Amino acid sequence: MVQPRKPKLAVWKFASCDGCQLSLLDCEDELLAVAGAVDIANFPEASRAVAKGPYDLSLVEGSITTPHDAERIHKIRRNSKYLITIGACATAGGIQALRNFQDVREFISIVYAHPEYIESLKKSTPIAEHVFVDFELRGCPINKMQLVEVISAFLNGRNPNTPRHSVCMECKMRGAVCVMTARGIPCLGPVTQAGCGALCPAYNRGCYGCFGPMETPNTPSLSKWWKKLGANDPDLVRAFRGFNAYAEEFRRESEAHEVR
Amino acid sequence: MKSGKKKKKTKNNNGNRRRRIKVNYMARVEGEGGLDIRIRNDRVTDVKLRIFEPPRFFEAFLRDRMFTEAPDITARICGICPIAYQMSSVHAMENALGLSIGGPIRELRRLIYCGEWIESHVLHVAMLHAPDFLGYQDAIAMAKDHPDIVKNALQLKKIGNDLVTLLGGREIHPINVRVGGFYRVPAKSEFKEIREKLNWALETAVGMVRWTGTLPFPDFEQDYVFVSLRHPQEYPFCEGRLVSNNGLDIAIDEFPQHFEESHVEHSTSLHCLKKDSGNYFVGPQARYSLNFDRLTPLAQEEALKAGLAKTCRNPFQSIIVRCVETLWAVQEAIRIIDNYEMPDSPAVELEPRAATGHGCSEAPRGILYHRYRINDQGLIEDAEIIPPTSQNQATIENDLREMIPKFIHLEDEKLKWQCEQAVRNYDPCISCSCHFLRLNLDRDGAVVSLP
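Residues numbered from 1 in each chain as written. Chains lettered and ligands numbered in written order. Predicted model: local features only at pLDDT ≥ 70, side-chain atom pairs only at ≥ 80, totals over all residues. Heavy atoms only, no water.

(A) Main features of the interface of chain B and chain A. Between chain B and chain A, the contact holds 77 residues from the first and 59 residues from the second. Interface of chain B and chain A: buried area, both sides summed, is about 5800 Å²; carbon and sulfur atoms make up 62% of it. On the chain B side of the interface with chain A, the three residues burying the most area are Arg56(B), Phe57(B) and Ile175(B), jointly 10% of the side's total. Summed over the shared surface of chain B and chain A, the number is 25 residue pairs in polar contact (both at pLDDT 80 or more). For the side of chain B that touches chain A, the secondary-structure elements that each account for two or more residues are α1 (58–61), α2 (70–75), α4 (103–134), α5 (139–145), α6 (147–168), α13 (412–424) and β15 (439–443) of chain B. Here the side of chain B that touches chain A is composed, by residue class, of 36 nonpolar, 13 polar and 28 charged. (Contact = heavy atoms within 4.5 Å. Buried area = accessible area lost by both parts, 1.4 Å probe. Polar contact = N/O pair within 3.5 Å; in protein donor to acceptor, adjacent residues only side chain to side chain. Helix = DSSP H or I, 4+ residues; strand = E, 2+ residues; numbered from the N terminus. Nonpolar A, V, L, I, M, F, W, Y, C, P; charged D, E, K, R; others polar.)

(B) The arrangement of the packing of α4(B) against helix α7 (residues 192–213) of chain B in detail. Residue and element names in this part refer to chain B. Between α4 and α7, whose axes approach to 12 Å, the crossing angle comes to 20°. If you check the angle between α4 and α7, you find them roughly parallel. Where α4 crosses over α7, the two elements pack in a sense that is left-handed. Between α4 and α7, the contacting residues are Val122, Val125, Ala130 and Leu134 on the first element and Met208, Trp211 and Thr212 on the second. Considered class by class, the residues forming the contact of α4 with α7 number six nonpolar, one polar and no charged. (Axes fitted to C-alpha atoms, helices over the stretch in contact; angles between N-to-C directions. Parallel < 35°, antiparallel > 145°, perpendicular 65-115°, else oblique. Left-handed = near helix turned anticlockwise from the far one by under 90°.)

(C) Region of the structure containing the sheet that holds strand β14 (residues 380–386) of chain B. Residues and elements named next belong to chain B. Spatial strand order, β12-β13-β14: three strands in an open sheet with antiparallel pairing. In the strand order of this sheet, the two ends are held by β12 (355–363) and β14, each with one partner. The sheet shows a mean angle of 15° between the axes of neighbouring strands, direction not considered. Looking at chain direction, strand β13 (residues 366–374) and β14 are connected through six bridges and run antiparallel. Of the residues in β14, the one forming a bridge with His370 is Ile385. (Pairing = 2+ DSSP bridges.)

(D) Examining the environment of His266(B) more closely. In this fold, His266(B) is placed in the loop between β10 (259–262) and β11 (271–274). Each C-alpha atom of the pair His266(B) and Val179(B) lies 37 Å from the other, and the pair is 87 residues apart in sequence.

(E) Region of the structure containing the domain arrangement of chain A. Residues and elements named next belong to chain A. Domain annotation of chain A identifies domain 1 (8–155) and domain 2 (167–256). With centres defined by C-alpha atoms, the gap from domain 1 to domain 2 works out at 25 Å. Taken together, the contacts link 20 residues of domain 1 with 16 residues of domain 2. Summed over both sides, the interface of domain 1 with domain 2 buries roughly 1300 Å², with 61% coming from carbon and sulfur. Of all residues in domain 1, the largest losses of buried area upon contact with domain 2 belong to Phe101, Arg138 and Cys140, amounting jointly to 43% of the total for that side. Where domain 1 meets domain 2, there are four residue pairs in polar contact (both at pLDDT 80 or more). When the residues that make up the side of domain 1 that touches domain 2 are grouped by side-chain class, the tally is ten nonpolar, seven polar and three charged. (Domains from an automatic or database assignment.)

(F) Fine view of the domain arrangement of chain B. All names here are of chain B. Domain boundaries in chain B define domain 1 (7–51) and domain 2 (58–450). A C-alpha centroid distance of 29 Å is found between domain 1 and domain 2. Contact residues are listed per partner, giving 24 residues for domain 1 and 40 residues for domain 2. Buried surface at the junction of domain 1 and domain 2, both sides included, amounts to about 2600 Å², of which 64% is carbon and sulfur.

(G) Just the pattern of salt bridges, in detail. Residues and elements named next belong to chain B. Considering all chains together, one arrives at 52 salt bridges over all chains under this definition. The salt bridge involving Glu302 is made with Lys305; its shortest N-O contact spans 3.7 Å. With Glu302 and Lys305 both in helix α10 (residues 297–305) and three residues apart, this pair spans about one turn of that helix. For Lys305, a relative accessible area of 56% gives the class exposed. Salt bridges here are not isolated pairs; linked through shared partners, they connect Arg106, Glu107, Arg110, Glu234, Glu239, Glu332 and Arg335. (Salt bridge = Lys/Arg side-chain N within 4 Å of Asp/Glu carboxyl O. Buried < 20%, exposed > 50% of the residue type's maximum accessible area, 1.4 Å probe, protein only.)

(H) The arrangement of the side chain of Ser254(A) in detail. Its place among the elements puts Ser254(A) in helix α12 (residues 248–256). Setting aside chain neighbours within four positions, we find Ser254(A) in contact with Phe101(A), Val237(A), Phe240(A) and Arg241(A).

(I) Geometry of the sheet that holds strand β9 (residues 249–250) of chain B. All names here are of chain B. An order of β7-β8-β9 is seen for the three strands of this open sheet, with the pairing classed as antiparallel. Of all strands in the sheet, those bounded by a partner on one side alone are β7 (227–230) and β9. Inspection of the sheet shows β7 paired to strand β8 (residues 241–244) by four bridges, in the antiparallel sense. Pairing of Ser228 across the sheet is with Val243, part of β8. Helix-sheet contacts for helix α9 (residues 284–291) involve β7 and β8, and the interaxial angle to β7 is about 55°.

(J) Quick peek at the pairing of strand β4 (residues 80–86) of chain A. Residue and element names in this part refer to chain A. Extensive coverage of β4 is indicated by the burial of five of its seven residues. Note that strand β3 (residues 55–61) and β4 share six bridges and pair parallel. Of the residues in β4, the one forming a bridge with Tyr55 is Ser80. Following the backbone out of β3, through helix α3 (residues 67–78) and into the adjacent parallel β4, one traces a crossover that is right-handed. Pairing geometry for β4 and strand β5 (residues 135–137), over three bridges, is parallel. (Right-handed = clockwise from strand over helix to strand, strands pointing away.)

This is the structure we're talking about:
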């Protein structure tokens, strides 16, 4: 009997910290099992060996910030049956998307006296602004168990189970006391997508939005609550301009509080 | 084999032999870099560690952020060593505010750093570096022939991650570190489970030192300038003086007077050089060679038994040094946990003031320097970050220039792999090294500095 071909997995990096692909190597208990179930065809952080495409599943980390990368992502898309972005950089532009809010010409004049040495686009953009993306896995960093879930979902032809509700739900599920109502600590949990397990509230601090906006977040209402707790407009701008600053709902809310 | 790699061996009209070794995309390192080496008549004429990791401009967008945000933001420079960024930034901010934190909070900071060293070192030793010595493309292929080594390493790495997770909330970009301390400190009882695992970790770490001591090492020693922190009593993490084996002995805040960055065309990461003596070497091998007497007796004994001298000048042996430091970190973690008493408060309250602060800590890959100027509102006005890999770049290139003649007889494919291994000796973290704002441009010998 012919053995079924193992699906080919590829991991690609754009502008990022490497943390999301490291999540795969951090699956210490699952790594050898995953490596047994798939053919790791391109994963430079882990292996010298590279197999040619096409690939069954491409995991893409990082945002597009250079003209070269804006081309490279199209080649990857053409060579991939499914393309999944992993993390806040690939999904929302990442922390480096803070450049998108600067006066770009002024910014470039500070940084680049000799632009011929370094090529950089004016904006840091998510992968989905360039090519079709089959699934976006959120988080800064991603949750490694969600990564295992998404990989196995795609390899088995089903939808991944990654909830889009808010961090508040996770607080309730783990029995964490609400830091906002009980302790008056401003928290982005009510508008941030679940996925981390409500880590920050469990450690007595407010959520700072690693997983980006939840489905239909009510950011203006949350901003009003923050102001009742003493936050001012610059505080709100900084809060929404974090690792998912360029995600649409967070971007709109930060712009609403910008002092012009 | 890796696609996109080119090798050329040509003869020109004069009978000169030209070879070009090109690695378009370095594997088993963190971040995006390549290697370009030119050889003519068996002489190395050019070596370039090309770094094309796109710059992300951290120093630029740190401006106008609150001083309290620096540990969370700078952690995102590197997913492999976020604790290093958090530790250097909190120490720099506390330095600006005239604060020095001792007691259990200081011990917990050392403990979370132990976790990161264990996780990062074991990742590099077993997953990224060991396959070179044994001729495998990766650790997964290596695991088929050496299953126990890879499985034990993964479990040891996991214990490092468990320490970071227990104290930091998660292993990558932990959320619990803040300027002044932590958001939440654990009760002593929370260490019970990990304390038991650390006994196994100690045994396994000793085994790894012994195993790496048996690997084949090329005969290659260099007369390096090592730079690291040195503390009066401890193996260094976040405090002490910056010292070298050629006479440097300065306080952390004197760093800018003794080191300078320059920009070369082939790298989006600045090269950092010592002003009086040029290129230098930071990381485990430098720490070990400058602080051997600060290791525990067991770590010293195992190091010598594994074949290391008290000063290690062979960069290929860095794999043993990483295991020795892992062993030390496991022992240090045990010491801290056994002596731990929960502090009354998880953090010291802070009032911002206009000041400049410097911080330097020993990231797994070497010294990581941060400088911040903040105003009386606590907003960052200016930031400078110098990661270990930008400090080692010039030394890596130098190693290649010195090493290649010894291996010039190898065919191109083998020589290329040998060169890759020499780069991986440094565990370069390219994601880290590339995020500058200031630009020093060196062209035809004329250096242009820009703010």
